[in-house]
Amino acid sequence: MLEIGQSQIQALEEAQTDRFISSLANHLRLAFNDQFRNYSNADLLRFVHSCYVWANNYGAETEYDVRRFSEFVVIYGSHMNEDHVWIDRTLTRDDISGQEKMDILDNLEVQFIRFSL
Amino acid sequence: MIRRPKKPLDPSALAKADDDFYKAHPEMVNNGKRTSISTDPTDPCADILREEWMDNYVANGGKVEQVTLPSNKVGCTKTSCPQTKNTLSEKEANQLFKELKANKNIPFDYPVDCCYSRAHSMCRTIENKGIGCQKLWYFDQGWGTNDGKASLHPHKPDGSAVSFPDSVTGNSEPIAWVYHVAPTVKVKKADGTIQDMVMDPSLADRPLTKDEWKTIQGNPKGAYEEVTDSNPYFSNKKLGYYEPDPDMKETCAQLEKHKKDRGVARSLATKKP
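Residues numbered from 1 in each chain as written. Chains lettered and ligands numbered in written order. Predicted model: local features only at pLDDT ≥ 70, side-chain atom pairs only at ≥ 80, totals over all residues. Heavy atoms only, no water.

J.: Help me understand the pairing of strand 6 (residues 134–139) of chain B, please; the structure alone is not making it clear to me.
T.: Successive side chains on a regular strand alternate, one facing one side of the sheet and the next facing the other. Residue and element names in this part refer to chain B. With five of its six residues buried, strand 6 lies for the most part within the structure. Two elements, strand 6 and strand 9 (residues 179–188), share six bridges in a ladder whose sense is antiparallel. Looking at the pairing, glutamine 134 lines up with threonine 184 of strand 9. Pairing between strand 6 and strand 12 (residues 224–229): six bridges, direction antiparallel. Directly across from phenylalanine 139, in strand 12, lies its bridge partner tyrosine 224. (Buried < 20%, exposed > 50% of the residue type's maximum accessible area, 1.4 Å probe, protein only. Helix = DSSP H or I, 4+ residues; strand = E, 2+ residues; numbered from the N terminus. Pairing = 2+ DSSP bridges.)

Here you go:
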């Protein structure tokens, strides 16, 4: 039987992560074209990687959650947790998962826009 | 697959969606102020309202995307992907119980009725957390026949009967049921054994074993239990009843109705001399 060693699993995981970061970079460039007009591909990949690491710190670890987190960083800025109490309060909760934090932020964002209109 | 508004959100479509949504839900407007839909992501009834709002958002030009869930962990290979959790530790089960009990949209303090809706809503919440669950049903021996009786008499830890104000007289009356239902999850105990534990905040402050749960209800002679998966809104295998509520509409309507009934009965009780 074919056996996969730990080092091979690790290499596969790293390749999967690179693939994800690259596809997320493409998504952000398409969805937020204006914001990334002056970003080179390398700059954008660096930005996405830093979002990924930051998202992980808050327990957002799935592809969908990291994508949502990155979109929040694009929209509300890299100081979003300092600038917006509703973001900071949600991200720093220790009683819910990363996915729940992102779900709540999605719901709160609608309210934030609603009351700022 | 779920729908999600495409980012950045469209403020104009959002404002129009709000107008349409609240026009259809005058009960959510108090003195001109609009009540927000609960932001609790694990509340299935809030999910339904959000879907309705989303329909309005789309109808007013807002763009949405389809998202396939569950999403893989970044870097996850097929050898390391997390699966649905079918067994919890005792600590995880206690935490889950606290989270279920904290949901104010479920009237745990209305013992008169509503167990079927509470159980159905809790199951969706548990599954939304990636945890597997079942339902435990407990029937009077004559349930569904002419011999059926309200033989289940729930009691509190101090032995006194669970009671609630009567909806007509306002007098506090002991509660009796012809059947009761609650979700169960599998829990790995300290000795390594796996046990089904009942999550029923209407009867206890912690997960209960099946025997504890039945004992609290008086364990009447002839009463029988049935176990189902989490799908049926109501089920009795013995007599062949099965009623689903896949879109949760009936569940959420009943939760709202019973919260109102609870308020009416309580206000009657407080008006009594």
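J.: Teacher, can you tell me more about the environment of A:Leu24 here?
T.: Residue and element names in this part refer to chain A. Summarising the element assignment, leucine 24 is placed in helix 1 (residues 6–31). What makes leucine 24 buried here is its relative accessible area of 1%. Measuring from C-alpha to C-alpha, the distance between leucine 24 and glutamate 71 comes to 9.8 Å, with 47 residues separating the pair along the chain. With residues up to four places along the chain from it excluded, the contact list for leucine 24 reads Val48, Val66, Arg67 and Ser70. (Contact = heavy atoms within 4.5 Å.)

J.: Any chance you could explain the packing of aromatic side chains here in plain terms?
T.: Across all of its chains, the model carries 27 aromatic pairs over all chains by this definition. Between A:Phe36 and A:Tyr39 the ring centres are 5.0 Å apart and the planes differ by 85°, which places this aromatic pair in the edge-to-face class. When the ring of B:Tyr116 is compared with that of B:Tyr233, the centres are 5.7 Å apart and the planes differ by 75°; the resulting orientation is edge-to-face. Note that B:Tyr116 is positioned in helix 4 (residues 115–128) and B:Tyr233 in strand 13 (residues 232–236), a separation of 117 residues in sequence. By the burial criterion, B:Tyr116 is buried, and B:Tyr233 matches it. (Phe/Tyr/Trp six-rings, centres within 6.5 Å; stacked < 30°, edge-to-face > 60°.)

J.: Could you clarify how one ought to interpret helix 2 (residues 44–59) of chain B in this entry?
T.: Spacing of three or four residues puts side chains on the same side of an α-helix, whose turn is 3.6 residues. All names here are of chain B. Over its 16 residues, helix 2 extends 23 Å from the first C-alpha to the last, a length consistent with the 22 Å expected when each residue adds 1.5 Å. In this structure aspartate 43 caps helix 2, since a side-chain oxygen of it lies 2.9 Å from the backbone nitrogen of cysteine 45. Of the residues flanking the end of helix 2, it is glycine 61, one or two places downstream, whose phi is positive at about 95°. (Expected span 1.5 Å × (residues − 1). Polar contact = N/O pair within 3.5 Å; in protein donor to acceptor, adjacent residues only side chain to side chain.)

J.: Explain the state of the cysteines here, please?
T.: Two cysteines, two sulfur atoms, one covalent bond between them: this is a disulfide. Residues and elements named next belong to chain B. According to the stated counting rule, one finds one disulfide over all chains in the structure shown. Put simply, cysteine 45 and cysteine 252 are joined by a disulfide, and their sulfur atoms are 2.2 Å apart. What sets the handedness of the cysteine 45 and cysteine 252 disulfide is the S-S torsion sign, and at about -100° it is left-handed. One end of the pair, cysteine 45, is in helix 2; the other, cysteine 252, is in helix 6 (residues 249–271), and 207 residues separate them in sequence. Sulfur of cysteine 123: no disulfide; nearest cysteine sulfur belongs to cysteine 133 and is 3.5 Å away. Given a relative accessible area of 0%, cysteine 123 falls into the buried group. (Disulfide = S-S within 2.5 Å.)

J.: I would appreciate a short explanation of the interface of chain B and chain A in the present structure.
T.: Where the parts come together, the accessible area they lose is often given as the size of the interface. At the junction of the two partners, chain B supplies 32 residues and chain A supplies 33 residues. Buried area between chain B and chain A, both sides added, is near 2700 Å², and the carbon and sulfur share of it is 59%. When the buried area of chain B at its contact with chain A is split by residue, B:Lys7, B:Thr39 and B:Val74 rank highest and sum to 24% of it. Taken together, the links from chain B to chain A amount to six salt bridges. Between B:Lys7 and A:Glu109 there is a salt bridge, with the nearest N and O atoms lying 2.9 Å from each other. At the surface where chain B touches chain A, the tally comes to nine residue pairs in polar contact (both at pLDDT 80 or more). When contributions to the side of chain B that touches chain A are tallied by element, the ones reaching two or more residues are strand 1 (2–5), helix 1 (11–24), helix 2, strand 4 (64–67) and helix 3 (90–101) of chain B. The dominant element in the side of chain B that touches chain A, judged by the number of residues it contributes, is helix 1 of chain B, at five residues. Looking at side-chain class alone, the side of chain B that touches chain A contains 14 nonpolar, ten polar and eight charged residues. (Buried area = accessible area lost by both parts, 1.4 Å probe. Salt bridge = Lys/Arg side-chain N within 4 Å of Asp/Glu carboxyl O. Nonpolar A, V, L, I, M, F, W, Y, C, P; charged D, E, K, R; others polar.)

J.: Sorry, what's going on with the environment of B:Glu256 here?
T.: All names here are of chain B. Tracing the backbone through its elements, the reader meets glutamate 256 in helix 6. Accessibility expressed as a relative area gives 42% for glutamate 256, which makes it partly exposed. Distance from glutamate 256 to cysteine 45, taken between C-alpha atoms, is 9.7 Å for residues 211 residues apart in sequence.

J.: What am I meant to see in unusual backbone geometry here?
T.: Note on backbone geometry: most residues besides glycine have negative phi, and most peptide bonds are trans. All names here are of chain B. Cis geometry marks the peptide bond from lysine 7 to proline 8; its omega dihedral reads -10°. Positive phi outside glycine occurs at asparagine 31, with the angle close to 50°. Classification of asparagine 31 as exposed rests on a relative accessible area of 84%.

J.: Could you clarify how one ought to interpret the nonpolar core in this entry?
T.: Core analysis: the biggest nonpolar cluster contains 45 residues, and A:Leu28, A:Phe47, A:Val48, A:Phe69, A:Met80 and B:Trp53 have the highest contact counts within it. Broken down by secondary-structure element, the contributors of at least two residues to this core are helix 1, helix 2 (41–57), helix 3 (63–76), helix 5 (85–91) and helix 6 (98–116) of chain A together with helix 1 and helix 2 of chain B. In terms of residue count, helix 2 of chain A provides more of this core than any other element does, seven residues in total. Those residues within four positions of A:Phe69 in sequence are excluded, and the remaining contacts are A:Cys51, A:Trp54, A:Ala55, A:Tyr58, A:Met80, A:Leu91 and A:Met102. (Core = buried A, V, L, I, M, F, W, Y, C linked by side-chain atoms within 4.5 Å.)

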